[in-house]
Number of protein chains: 2
Amino acid sequence: MNWLDEVNWDANGLVPVIAQEFDTGRVLMFAWMNREALQLTNESKQAVYWSRSRHKLWRKGEESGHTQKVHEIRLDCDEDVVLIKVEQIGGIACHTGRHNCFFKKLEQEKDAQARWLIDQPVIKDPKTIYHD
Amino acid sequence: MNWLDEVNWDANGLVPVIAQEFDTGRVLMFAWMNREALQLTNESKQAVYWSRSRHKLWRKGEESGHTQKVHEIRLDCDEDVVLIKVEQIGGIACHTGRHNCFFKKLEQEKDAQARWLIDQPVIKDPKTIYHD
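What comes next concerns the included structure.

## Considerations on the overall build of chain A
Right, so step 1: A count of helices and strands for chain A gives 2 helices and 8 strands.
Right, so step 2: When the elements of chain A are put in sequence order from the N terminus, they spell out β-β-α-β-β-β-β-β-β-α.
Right, so step 3: Split into buried and exposed, the 132 residues of chain A put 49% on the buried side.
Right, so step 4: The long-range share in chain A, meaning contacts at least 24 apart out of those at least 6 apart in sequence, stands at 44%.
Right, so step 5: In the form shown here, chain A has an accessible surface area of approximately 6,600 Å², with 47% of it arising from carbon and sulfur atoms.

Next comes the structure, spelled out in structure tokens:
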């Protein structure tokens, strides 16, 4: 049986993917792959996702240079979630120019409503990363 | 603005959630929450998910005792993915009795097809965890 056939693709032929920094363990981002993206990711050892908004393959870093070198590919118990351990080239995974996408932390202040607070700096201005 | 209103819930009113072990950084599992689940998770500091198969709230560990004590709740750049950092009570997050759900690693042997290999032990027999 082909390893790609063991993945439980969803109704749209996609699987959710968690990208984790291989050495620090920090979660970098969350995205989706289709069968072709996962196959290309394994063959090239570079993360290739499926862009649900652009409806096409998304070779991570193709424009920014912030590619992800893949060290490990994992599948979960239900075979419907993929975890990849990657080396984030440039140290920036997020399109906002931050190290990773999870930079909003829920903070509960006494006698006030909880709110999302940004606790990670912008490493590089996105305007200098993307040239549209 | 209420912090729950800042989450970009999907068409089903859900958001994907990554649960990460707060001290080791290991990714434990992936699940979904609806608005009520996320609110309860924050209030109780115990992970509460939405079970898409059972169509009801799923208080993680309610049967197994393997609850997740929530240390941190994070939201990503697009406000459509949540990351929670948790303490996994009992050291078992997966229903297979393993530490976490990502126990299948893609292994590429020379001149052979890649295959998914299990590289994590069962800590506790699921039969002794769940009593149906």
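## Observations regarding the interface of chain B and chain A
Right, so step 1: With 40 residues of chain B at the interface, the matching set in chain A holds 40 residues.
Right, so step 2: Here chain B meets chain A over a buried area of about 3,400 Å², counting both sides, of which 63% is carbon and sulfur.
Right, so step 3: Interface area lost by chain B to chain A is led by Arg74(B), Phe102(B) and Trp116(B), which between them contribute 21%.
Right, so step 4: A salt bridge links Lys104(B) to Glu79(A); the nearest nitrogen and oxygen atoms lie 2.3 Å apart.
Right, so step 5: In this structure, the connection of chain B to chain A is made through 16 residue pairs in polar contact (both at pLDDT 80 or more).
Right, so step 6: Per-class residue counts for the side of chain B that touches chain A are 21 nonpolar, 8 polar and 11 charged.

## Focus: the side chain of Asn100(A)
Residues and elements named next belong to chain A.
Right, so step 1: Mapped onto the fold, Asn100 is located in the loop between β6 (82–88) and β7 (104–107).
Right, so step 2: In this structure the side chain of Asn100 is engaged in a polar contact, spanning 2.9 Å, whose partner is the side chain of His99.
Right, so step 3: A polar contact of 3.1 Å, which involves the side chain of Asn100, links it to the side chain of Gln120.
Right, so step 4: For Asn100, the contacting residues outside a window of four places in its chain are Arg26, Val27, Leu28, Ala93, Cys94 and Gln120.

## Concerning the environment of Leu117(A)
All names here are of chain A.
Right, so step 1: Assignment of secondary structure puts Leu117 in strand β8 (residues 115–118).
Right, so step 2: Leu117 sits 14 residues away from Phe103 along the chain, and the two C-alpha atoms are 7.9 Å apart.
Right, so step 3: Excluding residues that lie within four positions of it along the chain, Leu117 makes contacts with Phe103, Lys104, Lys105, Glu107 and Glu109.

## Examining the pairing of strand β2 (residues 27–34) of chain B
Residue and element names in this part refer to chain B.
Right, so step 1: Among the 8 residues that make up β2, 8 are buried, leaving the element largely enclosed by the rest of the structure.
Right, so step 2: The pairing of strand β1 (residues 14–21) with β2 spans 7 bridges and is antiparallel. Residue pairing for β2: Val15 is matched across the bridge by Met33.
Right, so step 3: Remark: 5 residues form the turn of the hairpin made by β1 and β2, two consecutive strands paired antiparallel; Gly25 in that turn has positive phi of roughly 80°.

## Some points on helix α1 (residues 35–44) of chain A
Right, so step 1: Inspection of α1(A) places Ala37(A), Leu38(A), Leu40(A), Thr41(A) and Asn42(A) among the buried residues, and these make up the whole buried set.
Right, so step 2: Buried residues along α1(A) sit in contact with β2 (27–34), β3 (48–51), β4 (56–59), β5 (68–75) and β6 of chain A together with β7 (104–107) of chain B.

## Some details on the pattern of salt bridges
Right, so step 1: By the definition in use, this model includes 14 salt bridges over all chains.
Right, so step 2: Close ionic contact of Glu109(B) with Arg115(B) constitutes a salt bridge, the shortest N to O distance being 3.1 Å.
Right, so step 3: Three or more residues are tied together by salt bridges with common partners; here these are Glu72(A), Arg74(A), Lys85(A) and Asp119(B).

## Considering the sheet that holds strand β6 (residues 82–88) of chain B
Right, so step 1: Read across the open sheet, the 6 strands follow the order β8(A)-β7(A)-β5(B)-β6(B)-β1(B)-β2(B); overall the sheet is mixed. A single partner strand is all that each edge strand has here, and the edge strands are β8 of chain A together with β2 of chain B. Sheet twist, expressed as the average angle between the axes of neighbouring strands with direction ignored, equals 35°.
Right, so step 2: Relative to β2(B), helix α1 (residues 35–44) of chain B is tilted by about 120°, and along the sheet it contacts β7 of chain A together with β2, β5 (68–75) and β6 of chain B.

## Describing the state of the cysteines
Right, so step 1: Under the defined criterion, the tally for this structure stands at 0 disulfides over all chains.
Right, so step 2: Take Cys77(B): it sits in no disulfide, and the sulfur closest to it among the cysteines is that of Cys101(A), at 3.7 Å.
Right, so step 3: A relative accessible area of 12% places Cys77(B) in the buried class.
Right, so step 4: Just so you know, Cys94(B) is unpaired, no disulfide at all, and the nearest cysteine sulfur is the one on Cys101(B), 3.7 Å from it.

## Side note on the relation of the copies chain B and chain A
Right, so step 1: Note on the copies: chain B fits chain A at an RMSD of 0.0 Å, the axial shift is 0.0 Å, and the rotation between them is 180°. The transformation relating the two chain copies, once decomposed into turn and shift, fits a two-fold axis. Taking C-alpha positions as the reference, the residue of chain B nearest the rotation axis is Gly25(B), at 2.6 Å.

## Some words on the sheet that holds β6(A)
Right, so step 1: One open sheet accounts for 6 strands, arranged β2(A)-β1(A)-β6(A)-β5(A)-β7(B)-β8(B); its pairing is mixed. At either end of the open sheet lies a strand with only one pairing partner, and these are β2 of chain A together with β8 (115–118) of chain B. With direction set aside, neighbouring strand axes in the sheet form an average angle of 35°.
Right, so step 2: Here α1(A) sits on the sheet in contact with β2, β5 and β6 of chain A together with β7 of chain B, set at roughly 120° to β2(A).

Calculation notes
- Residues numbered from 1 in each chain as written.
- Chains lettered and ligands numbered in written order.
- Predicted model: local features only at pLDDT ≥ 70, side-chain atom pairs only at ≥ 80, totals over all residues.
- Heavy atoms only, no water.
- Helix = DSSP H or I, 4+ residues; strand = E, 2+ residues; numbered from the N terminus.
- Buried < 20%, exposed > 50% of the residue type's maximum accessible area, 1.4 Å probe, protein only.
- Contact = heavy atoms within 4.5 Å.
- Areas by Shrake-Rupley, 256 points an atom, 1.4 Å probe, with all protein chains shown as cover.
- Buried area = accessible area lost by both parts, 1.4 Å probe.
- Salt bridge = Lys/Arg side-chain N within 4 Å of Asp/Glu carboxyl O.
- Polar contact = N/O pair within 3.5 Å; in protein donor to acceptor, adjacent residues only side chain to side chain.
- Nonpolar A, V, L, I, M, F, W, Y, C, P; charged D, E, K, R; others polar.
- Pairing = 2+ DSSP bridges.
- Axes fitted to C-alpha atoms, helices over the stretch in contact; angles between N-to-C directions.
- Disulfide = S-S within 2.5 Å.
- Least-squares fit on C-alpha atoms with pLDDT ≥ 70 in both.

From the geometry alone we can't say anything about function, so treat these as descriptive.
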